Amino acid sequence: MTDRGLTGRQPGAVQNALAVLEVVAHAGAGVTAKEVGELAHLPPATTYRLLNLLVGEEYLVRMPDLRGFALGRRAAALTGGAPETRLSRAARDEVARLRGSVRVGVHLVVFGPTVLRCADVDPELPLRDPALLERHLHAGAAGRLLLADQPDWREVHPPSRLVRLTADTVVRPHQLQARLDETAERGWAAQAGELHDDVACLAAPVRGADGALVGAVLLTAPRQRPPVDHLDAARSCARALEPLLA
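All values derive from a computational prediction rather than experimental measurement.

1. Here's the deal with the overall build of the protein
A count of helical and extended segments in the protein gives ten helices and seven strands. By the burial criterion, 48% of the 246 residues in the protein qualify as buried. When contacts within the protein are restricted to residue pairs at least 6 apart in sequence, long-range pairs at least 24 apart make up 58% of them. Entry remark: accessible area of the protein is about 12,900 Å², with carbon and sulfur atoms responsible for 51%.

2. Considering the environment of A167
Relative to the assigned elements, A167 resides in the loop between α8 (153-156) and α9 (173-186). Placed 27 residues apart in sequence, A167 and E194 show a C-alpha to C-alpha distance of 7.4 Å.

3. A closer look at the packing of helix α5 (residues 89-99) against helix α10 (residues 231-245)
When two helices pack together, their arrangement is captured by the angle between the axes and the distance separating the axes. The geometry of α5 relative to α10 is characterised by a closest axis approach of 9 Å and an angle of 175° between their N-to-C directions. Classified by the angle their axes make, α5 and α10 are roughly antiparallel. Residue-level inspection shows A90, A91, E94, V95 and L98 of α5 in contact with α10, the latter providing A233, A234, C237, A240, L241, L244 and L245. Tallied by class, the residues present in the contact of α5 with α10 amount to eleven nonpolar, no polar and one charged.

4. Digging into the nonpolar core
Core analysis: the biggest nonpolar cluster contains 27 residues, and F111 and L218 have the highest contact counts within it. Per-element accounting of this core gives the leading share, five residues, to helix α7 (residues 141-148). Not counting the four nearest positions on each side in its chain, L218 is found in contact with G105, V106, H107, V109, L127, L133, A141, A142, C201, L202 and A203. With 25 residues, the next largest nonpolar core counts V106, A119, L202 and C237 among its residues.

5. Describing the packing of aromatic side chains
Enumeration according to the criterion identifies zero aromatic pairs in this entry. When the ring centre of W188 is taken as origin, the NZ or CZ atom of R186, which lies over that ring, is 4.0 Å away.

6. Overview of the pairing of strand β4 (residues 116-120)
Summarising burial for β4: five of the five residues are buried, a large majority. Taking the residues that link successive antiparallel strands as the turn, the strand β3 (residues 105-111)-β4 hairpin has four residues.

7. Re the packing of α7 against α9
Here α7 crosses α9 at 85°, and the two axes come no closer than 9 Å. Classed by the angle they form, the pair α7 and α9 counts as roughly perpendicular. Contacts between α7 and α9 involve R144, L145, L147 and A148 on the former and, on the latter, L176, R179, L180, T183 and A184. Residues of the contact of α7 with α9, tallied by class, amount to six nonpolar, one polar and two charged.

8. Brief notes about the pattern of salt bridges
Across all of its chains, the model carries twelve salt bridges by this definition. With a shortest N-O distance of 3.6 Å, D93 and R89 are connected by a salt bridge. With D93 and R89 both in helix α5, this residue pair falls four residues apart, about one helical turn. Taking the relative accessible area as the measure of exposure, R89 reaches 65% and is therefore exposed.

About the thresholds
- Residues numbered from 1 in each chain as written.
- Predicted model: local features only at pLDDT ≥ 70, side-chain atom pairs only at ≥ 80, totals over all residues.
- Heavy atoms only, no water.
- Helix = DSSP H or I, 4+ residues; strand = E, 2+ residues; numbered from the N terminus.
- Buried < 20%, exposed > 50% of the residue type's maximum accessible area, 1.4 Å probe, protein only.
- Contact = heavy atoms within 4.5 Å.
- Areas by Shrake-Rupley, 256 points an atom, 1.4 Å probe, with all protein chains shown as cover.
- Axes fitted to C-alpha atoms, helices over the stretch in contact; angles between N-to-C directions.
- Parallel < 35°, antiparallel > 145°, perpendicular 65-115°, else oblique.
- Nonpolar A, V, L, I, M, F, W, Y, C, P; charged D, E, K, R; others polar.
- Core = buried A, V, L, I, M, F, W, Y, C linked by side-chain atoms within 4.5 Å.
- Phe/Tyr/Trp six-rings, centres within 6.5 Å; stacked < 30°, edge-to-face > 60°.
- Lys NZ or Arg CZ within 6 Å of the ring centre and 35° of its normal.
- Pairing = 2+ DSSP bridges.
- Salt bridge = Lys/Arg side-chain N within 4 Å of Asp/Glu carboxyl O.

Function cannot be inferred from these measures alone, as they are strictly geometric.
This is the structure:
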């Protein structure tokens, strides 16, 4: 069979599909079809057709609530994203040990180069909406760890994505930059009432042997102040997890 290469409209279709993947990768889990179309500058019919195709090929997945999309298994393998993570028994035991010693929610987050995934959610004090945390990096402590670790956070989470979720959510770029500078300086992140009105959290980073950010121990509490009383415990757990997540 003769290979005729790409013909007709095929190059444009490929470019559109790549644009959709790029939008979902940057916007994060839960981005809607309407948002994908607007950000990729595609008409609705083309957007829906490409989304359905990419879901069928496992490059994208639909969120459980069917309202949005996230990177699928095949796209994560290509982009270095954080796919569904199989944690070792030793890693889960470390997280469980911390849960048994504090009276706040304890969760384990894992990072790809530009995305985060909630890998182990506290079963007794669960996250209210993991997808919200994964998508709105500017509003959560774990997301701020990831953004503070970037050469330019705007390339990962453009200012157009600074959505106001509560009255206290930071939505101005210069204000977020100040929070990220503070995070980088002290080595951990915190926020209160920015993702949910009545929830505060802090995140202690887990780094690999090369210093790369690979995960975070996330503590959440139903209060107006991050649970800093447990910061040392979170950091100790993060250090124990370093050889287990590398």
